[in-house]
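# Structural characterization, general
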Amino acid sequence: MLKLRIGILSSCLLLCWCGSFGWAAQKWKKINSEYCEIYFLSYSELKKINSNVDVSSISLDFKKKIINSKIKTKSISEKVKRKFDIIFRKAEEILNMYPRGINVKIRIYLNQKQLNRVYRKMFKGENKALSFYIYKTNTIYISTEHISEGVLAHEMGHCIIDHYFVILPPRNVQEILAIYVDTHLKD
Ligand SMILES: [Zn+2]
């Protein structure tokens, strides 16, 4: 969970959700990349998502290793899929953890207000996070308003950690590892 922060990241709550996903007034659209199922609410939103997620400072050598640069990606959905996969693979490399067969779902709400409403429905409490990952649904919950390569890397880190360990490390250790991912994304 990446907290709303003024310079400080505090520890994540271990989220355990046992209910059905109730909030969905709008129809989700979905695109699949190699590592992600990306749910968004409109194609104009997808444009914003594409401009908010920037992988230009991730090393070119790394990107060349994992993408075929000969294939030109013109459409917005192809660009978004490629960016999300680059971040996911980079998060795996930073952690040196490569759990098999992960396909993480990412639900991108319009704004923080919607995300907070979803959180309230799930947990009956106030959300203090920009985003959160739930193992049970294998889903990252996030909004266009606050999506960025760093926030995505952090939550993808949680997903990778949760799938790598048979016995999960303590919560604060999970959080330290996830913070390590977003702070080293551009190394
Ligand atoms: Zn976290």
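First things first, this report covers the structure right here in the doc. Small disclaimer: the values here were computed from a predicted structure and weren't measured. (Residues numbered from 1 in each chain as written. Predicted model: local features only at pLDDT ≥ 70, side-chain atom pairs only at ≥ 80, totals over all residues. Heavy atoms only, no water.)

### Topic: the overall build of the protein
Scanning the protein from terminus to terminus reveals six helices and six strands. Each helix and strand of the protein, ordered N terminal to C terminal, gives the series β-β-β-α-α-α-β-α-β-β-α-α. Every one of the 187 residues in the protein was classed for burial, and the buried ones make up 50%. A sequence separation of at least 24 residues applies to 70% of the contacts in the protein between residues at least 6 apart. For the protein, the exposed surface amounts to about 9800 Å²; the carbon and sulfur share of it is 52%. (Helix = DSSP H or I, 4+ residues; strand = E, 2+ residues; numbered from the N terminus. Buried < 20%, exposed > 50% of the residue type's maximum accessible area, 1.4 Å probe, protein only. Contact = heavy atoms within 4.5 Å. Areas by Shrake-Rupley, 256 points an atom, 1.4 Å probe, with all protein chains shown as cover.)

### Quick look at the pairing of strand β4 (residues 104–109)
Among the six residues that make up β4, five are buried, leaving the element largely enclosed by the rest of the structure. The pairing of strand β3 (residues 36–40) with β4 spans four bridges and is parallel. The partner of E37 across the bridge, within β4, is K105. Pairing of β4 with strand β6 (residues 139–143), which is carried by five bridges, proceeds in the parallel orientation. Residue pairing for β6: Y109 is matched across the bridge by S143. (Pairing = 2+ DSSP bridges.)

### A closer look at unusual backbone geometry
One non-glycine residue, N96, lies in positive phi territory at about 55°. With respect to the secondary-structure elements, N96 resides in the loop between α3 (76–95) and β4.

### Re the state of the cysteines
All chains considered together, the criterion is met by zero disulfides. Just so you know, C36 is unpaired, no disulfide at all, and the nearest cysteine sulfur is the one on C159, 8.5 Å from it. With a relative accessible area of 0%, C36 lands in the buried category. (Disulfide = S-S within 2.5 Å.)

### Some words on the side chain of Q174
Structurally, the position occupied by Q174 is in helix α6 (residues 171–183). Side-chain polar atoms of Q174 contact the backbone oxygen of P169, separated by 2.8 Å. (Polar contact = N/O pair within 3.5 Å; in protein donor to acceptor, adjacent residues only side chain to side chain.)

### Concerning the layout of surface pockets
Size it by volume and the second largest pocket reaches roughly 180 Å³. Surrounding the second largest pocket, V55, K63, I67, T73, K79, R82, K83 and I86 form its lining. For the lining of the second largest pocket, the class distribution of residues is three nonpolar, one polar and four charged. (1 Å grid on protein atoms, 1.4 Å probe; cavity = no way out; pocket = protein on both sides within 12 Å on 5 of 7 lines; lining within 4 Å. Points joined across faces, edges and corners; volume = space filled by probe spheres on them. Nonpolar A, V, L, I, M, F, W, Y, C, P; charged D, E, K, R; others polar.)

### Structural notes on α6
Given 3.6 residues per turn, any residue in an α-helix points the same way as the ones three and four places further on. The terminal C-alpha atoms of α6 lie 18 Å apart, and with 13 residues this matches the ideal 18 Å at 1.5 Å per residue to within 8%. Where α6 is concerned, the buried positions are Q174, E175, A178, I179, V181 and D182. Take α6 and look down its axis: the buried residues cluster within an arc of 150°, on one side only. Facing away from the buried side of α6 by more than 90 degrees, the exposed set consists of I176 and T183. (Expected span 1.5 Å × (residues − 1). Arc of directions from axis to C-beta.)

### Concerning the nonpolar core
Counting residues in hydrophobic clusters, the biggest one holds 39 residues, and the most contacted among them are I49, F84, I87, V104, I106, L152 and M156. Every element with two or more residues in this core is listed here: β3, α1 (43–52), α3, β4, β5 (129–134), β6, α5 (149–164) and α6. Apart from residues no more than four positions distant in its own chain, I87 is found in contact with V53, V55, I58, E149, L152, A153, M156 and L185. The next biggest cluster of nonpolar side chains, apart from the first, holds 13 residues, and it includes M1, W28, Y109 and M122. (Core = buried A, V, L, I, M, F, W, Y, C linked by side-chain atoms within 4.5 Å.)

### So, the packing of aromatic side chains
For the coordinates displayed, the defined rule picks out eight aromatic pairs. Ring centres of Y119 and F123 lie 4.7 Å apart, and the angle between their planes is 50°; this geometry places the pair in the tilted category. With Y119 and F123 both in helix α4 (residues 112–123) and four residues apart, the pair spans about one turn of that helix. For Y119, a relative accessible area of 6% corresponds to the buried category. For F123, a relative accessible area of 22% translates into the label partly exposed. Taken together, Y119, F123, F132 and Y141 form an aromatic cluster joined through their ring pairs. Across from the ring centre of F62, 4.8 Å away, lies the NZ or CZ of K90, which sits over that ring. Positioned over the ring face of Y39 is R107, at 4.4 Å from the centre of the ring. (Phe/Tyr/Trp six-rings, centres within 6.5 Å; stacked < 30°, edge-to-face > 60°. Lys NZ or Arg CZ within 6 Å of the ring centre and 35° of its normal.)

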